[in-house]
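Given next are the chains, with one letter for each unit.
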Amino acid sequence: MDKLLIGDNQFFGVNHMSEEKARAQAMRFQKIEAVIDVLDSAYDAGVRTFMCTTHDRIGLVADHVRANPDRYPDFTFFPCMPYAHKYANAVTEDGMIGALKRFLPNEGLLNAAIRGGMSIARKDVEGIATLLIDAEMKMFRNLATPVIWLQNVVVDLLLGLGFNEAFRIFANHVKTRYNAEPGFITMNMPRLLDVLEDLGIDNPIVCSNINKVGFRMSGGIEAYVDALTNRKFRAVAMSVFASGAIRPDEAIEWVCSLPNIESIVFGASSAGNIRATRDLVEKHWRK
Amino acid sequence: MIKVAVVGLGKMGISHLGMIRAHSGVELAAVCDSTGYVLDVLSKYTGLKTYSDYALMLDEVALDAVIIATPSRVHTPMVKAALDRGIHVFCEKPFTLKAGESEMLAALAEEKGLVTQVGYHNRFVGAFQEVRRLLDAGAIGTVHHVQAEAYGPVVLKPKGSTWRTQRSEGGGCLYDYAAHPINLVNWFFGMPDSVGGSVLGKIFSAETDDEVYGTLYFPDGKTASLSVNWSDESFRKMTTRVTISGTAGRIYADRQEIQVFLRDGAALPGGYEHGWNIRYTTELTEEVDFYMRGEEYTAQLDHFVKRIGNPALPAANDFRSAAETDRVIEMIVEDAAQDPARTGIKPQQARKRFSLFKR
């Protein structure tokens, strides 16, 4: 994994600090060209991995990269699935089973439809889950997706429910079908590590909030530092600036001082911010 | 360890289940739902003890508390059955569809000394708690007006029938969305004397409302405007916000931030200055032990669990306070049914004055 990954919250009006800022960003990135401009700046600054949701609009970015292989020889996607809001709204509209049926592939994929229907009837979570993963991955065909992530909303729900088998299903499918490494995003990193270890998922890739003020580091900042020091896993830090609550230099210096951080994922909307973050990471990354 | 069951495994029930099962002070003793499907999946993959018969579960499992997340229409008998057995109850909102029943259940729980709570999670949002703190400190002087709003993208086209599409079942924008800002107004300012100009509009739904507007009148003369629309796709997800105007300043708050303007001469609470003050969720939010979908959801369940262990803790969203919100909802339904568009004041017809010039 690269040291620095660019995320996509800023492109979709996700801002953990302010609804006003979120809306301003949604307006600014309404046209996909504006998103691609920022990704171009990142690519040219050496930030070539895009950690993104499976929002429909990401499909346009994927199309663009696929159409321009000479411009983006090293462009890498780290898809994060599912894009939860589309499922949540569908559940409100159609109920649990109705929503499930809505997202299973149906256009012309008779086989998948039958597999999906059978899986629903047999309460076969593996069958349903793998079909949903395949549906989400369609937009990335023929593109590099060496790590595929399960979003924190789902990871943490499964973790809370004790639905541990689902982590194994996800990991297996991502490895065998996509030859990719499974990644897990969580707001409860120490607790998740225990479960993944019990499941025998060795040296897992885990992305969690890691920031100096302990923002959304459930279980406490000490438990996180302890896990980074003593546990075997590949850590990706997100929310390192705690949505702007920490000065950039201070934030990056602190994260880089921790052991076992393999990557940092950050959001930026301008070439200047991307280069500034890259330079800070170069400056503070442990040699 | 307290023994808890979760009843009703829709969106809210599943989410409560995930959070309460992760709580260190709770033993998840059983789950109950009327449809076998989700139960079977949970039983197969998580080993939970499942019931499709609520009464049977209450008979067989010795519970300390129950979390009820079924449609509101069936809350009253389910809550009462639990209270009658001496079980503490956390119930999803809106509490019941008849304020009289809500008040009856509140009285029953008080008589039995049971802990009760309703899932108005906004009272556990740091920014809204800060609003309450500022109001208690009198920071913006005498409040004269409140704007309470909620918007989101739930119903964006006509669609088939579920309980959520029928007001008689507790579905619709009023019960699902408007209950939240109404509850915040109740929390900040208590009960209004009356409501007026209520609109329960349909945009896409056939049997319930998609938008809610109206005015709440308070005994001291202050007013609250309600503006709620769950068919607004310009919002990525539900947003709830309040804007409070007072003689010494103004407060705006949503889940993420609070913006406070304090006039010269306003009594300054600690950490505030005259002019604009902006605070974000990052500094207003207390961390929780287990995060799933917002600290406030974990915090409200944690508060319920803690109150069972220590009933001396202050109540938050108890049945009595949720009954106020149900009462306001009932007033809005009644006012809207009188059709203010028809019964309201019309432009005066000046017929007589001009009659001299007409035949």
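Note that the structure is a prediction, hence the values are computed from the model and not measured.

## Examining the environment of Glu250(A)
Residues and elements named next belong to chain A.
Then, number 1: Structurally, glutamate 250 is set in helix H11 (residues 248–256).
Then, number 2: Separated by 120 residues in sequence, glutamate 250 and threonine 130 place their C-alpha atoms 42 Å apart.
Then, number 3: A distance of 3.0 Å separates a polar atom in the side chain of glutamate 250 from a polar atom in the side chain of lysine 212.

## Side note on the domain arrangement of chain B
All names here are of chain B.
Then, number 1: Domain boundaries assigned for chain B yield domain 1 (2–121) and domain 2 (127–296 + 318–340).
Then, number 2: Each of domain 1 and domain 2 was reduced to a C-alpha centroid, and the two centroids are 26 Å apart.
Then, number 3: Across the contact, 33 residues belong to domain 1 and 24 residues belong to domain 2.
Then, number 4: Buried area between domain 1 and domain 2, summed over both chains or domains, comes out near 2400 Å², and the portion from carbon and sulfur atoms is 60%.
Then, number 5: Area buried by domain 1 at its contact with domain 2 is led by Leu97, Tyr120 and His121, which between them contribute 24% of it.
Then, number 6: Between the two partners, domain 1 and domain 2, sit three salt bridges.

## Re the sheet that holds strand S8 (residues 194–201) of chain B
Residues and elements named next belong to chain B.
Then, number 1: Taken together, eight strands build an open sheet; the order of strands is S8-S9-S10-S7-S11-S12-S13-S14 and the sheet is mixed. Because the sheet does not close on itself, it has two edges, and the strands there are S8 and strand S14 (275–280). Recorded for the sheet is a direction-independent mean angle of 10° between the axes of neighbouring strands.
Then, number 2: As paired elements, strand S12 (residues 249–253) and strand S13 (residues 257–262) share five bridges and run antiparallel to each other. Bridge pairing links alanine 253 to isoleucine 258 in S13.

## A look at the packing of aromatic side chains
Here a ring pair, both rings aromatic, is described through the centre-centre distance and the interplanar angle of the planes.
All names here are of chain A.
Then, number 1: In total, this model carries 21 aromatic pairs over all chains according to the counting rule given.
Then, number 2: Relative to phenylalanine 75, the ring of phenylalanine 50 has its centre 6.5 Å away and its plane inclined at 80°; by these criteria the two rings are edge-to-face. Here the residue phenylalanine 50 occupies a position in strand S2 (residues 49–53), and phenylalanine 75 occupies one in the loop between helix H3 (58–67) and strand S3 (76–81), the gap between them amounting to 25 residues. Each member of the pair phenylalanine 50 and phenylalanine 75 is classed as buried.
Then, number 3: Plain terms: the ring middles of tyrosine 72 and phenylalanine 75 are 5.5 Å apart, the flat faces sit at 85° to each other, and that makes the pair edge-to-face.
Then, number 4: By relative accessible area, which is 5% here, tyrosine 72 ends up buried.

## Examining the interface of chain A and chain B
Then, number 1: Contacts between chain A and chain B engage 50 residues on the former and 43 residues on the latter.
Then, number 2: Taken together, both faces of the contact between chain A and chain B bury some 4000 Å²; the carbon and sulfur share is 53%.
Then, number 3: Between the two partners, chain A and chain B, sit one salt bridge.
Then, number 4: Listing elements by their share of the side of chain A that touches chain B, those giving two or more residues are helix H1 (19–28), helix H4 (84–103), helix H5 (110–122), helix H6 (125–137) and helix H7 (152–161) of chain A.

The rules behind these values
Residues numbered from 1 in each chain as written. Chains lettered and ligands numbered in written order. Predicted model: local features only at pLDDT ≥ 70, side-chain atom pairs only at ≥ 80, totals over all residues. Heavy atoms only, no water. Helix = DSSP H or I, 4+ residues; strand = E, 2+ residues; numbered from the N terminus. Polar contact = N/O pair within 3.5 Å; in protein donor to acceptor, adjacent residues only side chain to side chain. Domains from an automatic or database assignment. Contact = heavy atoms within 4.5 Å. Buried area = accessible area lost by both parts, 1.4 Å probe. Salt bridge = Lys/Arg side-chain N within 4 Å of Asp/Glu carboxyl O. Pairing = 2+ DSSP bridges. Axes fitted to C-alpha atoms, helices over the stretch in contact; angles between N-to-C directions. Phe/Tyr/Trp six-rings, centres within 6.5 Å; stacked < 30°, edge-to-face > 60°. Buried < 20%, exposed > 50% of the residue type's maximum accessible area, 1.4 Å probe, protein only.

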